[in-house]
Amino acid sequence: RMEFEHKADKHGQEKSTLKQYTRMMERRREQQEAWELQQQQDDNAVCDVCYDGESTGENRIIFCDSCNISVHQRCYGIEKVPSEDYFCHACTYFKRDKKSE
């Protein structure tokens, strides 16, 4: 009887582990799909100042995290790519940036 309960408990643990693994893999797949979609959008981005879509290491296209405007660093006067959220001048002025809320 003890051996049967032990096997049943072990089977239940294995089933639980399998469910956790399946959920984790599903989340990873969803994250990968979201990243790929964002990458496609970024690759198709056009600067809203000069209407050019070329983005280089020295002159990248940056997106406002509030209104999603896309601008070249040089077109908008951004010397360094922000390591955190970026908000355009208009969103900062009208306090639509997350820090002002």
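Computed from a prediction, not measured in an experiment: that's the story for all the values here.

## So, the layout of surface pockets
Then, number 1: Here the largest pocket is characterised by a volume of approximately 380 Å³.
Then, number 2: Secondary structure elements with two or more residues in the lining of the largest pocket: α1 (2-43) and β1 (61-63).
Then, number 3: When the residues that make up the lining of the largest pocket are grouped by side-chain class, the tally is 7 nonpolar, 4 polar and 5 charged.

## A few points about a nonpolar patch on the surface
Then, number 1: On the surface, L18, Y21 and M25 cluster together to form a nonpolar patch covering roughly 300 Å² of accessible area.
Then, number 2: Its place among the elements puts Y21 in helix α1.
Then, number 3: Classification of Y21 by relative accessible area gives partly exposed; the value is 46%.

## Section: the pattern of salt bridges
Then, number 1: This model, assessed by the stated rule, comprises 2 salt bridges.
Then, number 2: Here E26 ties to R29 by a salt bridge, and the two come within 2.3 Å at their closest N and O atoms. Of the two residues, E26 and R29 both sit in helix α1, 3 residues apart, roughly one turn of that helix.
Then, number 3: Note on E26: relative accessible area 32%, which makes it partly exposed.
Then, number 4: Classification of R29 by relative accessible area gives partly exposed; the value is 38%.
Then, number 5: The shortest N-O distance in the salt bridge between E33 and R29 comes to 2.5 Å. In this pair, E33 and R29 both sit in helix α1, 4 residues apart, roughly one turn of the helix.
Then, number 6: Classification of E33 as partly exposed rests on a relative accessible area of 42%.
Then, number 7: Look at the salt bridges and you will find they share partners, linking E26, R29 and E33 into a network.

## Thoughts on the side chain of Q73
Then, number 1: By the secondary structure assignment, Q73 is in helix α2 (residues 73-76).
Then, number 2: Residue classification places Q73 among the buried positions, given a relative accessible area of 5%.
Then, number 3: At 3.4 Å, the side chain of Q73 and the backbone oxygen of E79 are in polar contact.
Then, number 4: Apart from the residues lying within four places of it in its own chain, the contact partners of Q73 are G57, E58, N59, R60, I62, I78, E79, K80 and V81.

## What about the environment of C88?
Then, number 1: Examined against the element boundaries, C88 turns out to sit in the loop between α2 and α3 (89-93).
Then, number 2: On the basis of relative accessibility, which here comes to 3%, the residue C88 falls in the buried class.
Then, number 3: Setting aside anything within four residues of it in sequence, one finds C88 in contact with C64, C67, I69 and Y76.

## Points about the environment of D48
Then, number 1: Relative to the helices and strands, D48 resides in the loop between α1 and β1.
Then, number 2: Taking the C-alpha atoms as reference, D48 lies 9.7 Å from Y76; in sequence the two are 28 residues apart.

Calculation criteria
Residues numbered from 1 in each chain as written. Predicted model: local features only at pLDDT ≥ 70, side-chain atom pairs only at ≥ 80, totals over all residues. Heavy atoms only, no water. 1 Å grid on protein atoms, 1.4 Å probe; cavity = no way out; pocket = protein on both sides within 12 Å on 5 of 7 lines; lining within 4 Å. Points joined across faces, edges and corners; volume = space filled by probe spheres on them. Helix = DSSP H or I, 4+ residues; strand = E, 2+ residues; numbered from the N terminus. Nonpolar A, V, L, I, M, F, W, Y, C, P; charged D, E, K, R; others polar. Patch = residues over 30% accessible without salt bridge, like charges linked within 9 Å, V, L, I, M, F, W, Y side chains within 5 Å. Areas by Shrake-Rupley, 256 points an atom, 1.4 Å probe, with all protein chains shown as cover. Salt bridge = Lys/Arg side-chain N within 4 Å of Asp/Glu carboxyl O. Buried < 20%, exposed > 50% of the residue type's maximum accessible area, 1.4 Å probe, protein only. Polar contact = N/O pair within 3.5 Å; in protein donor to acceptor, adjacent residues only side chain to side chain. Contact = heavy atoms within 4.5 Å.

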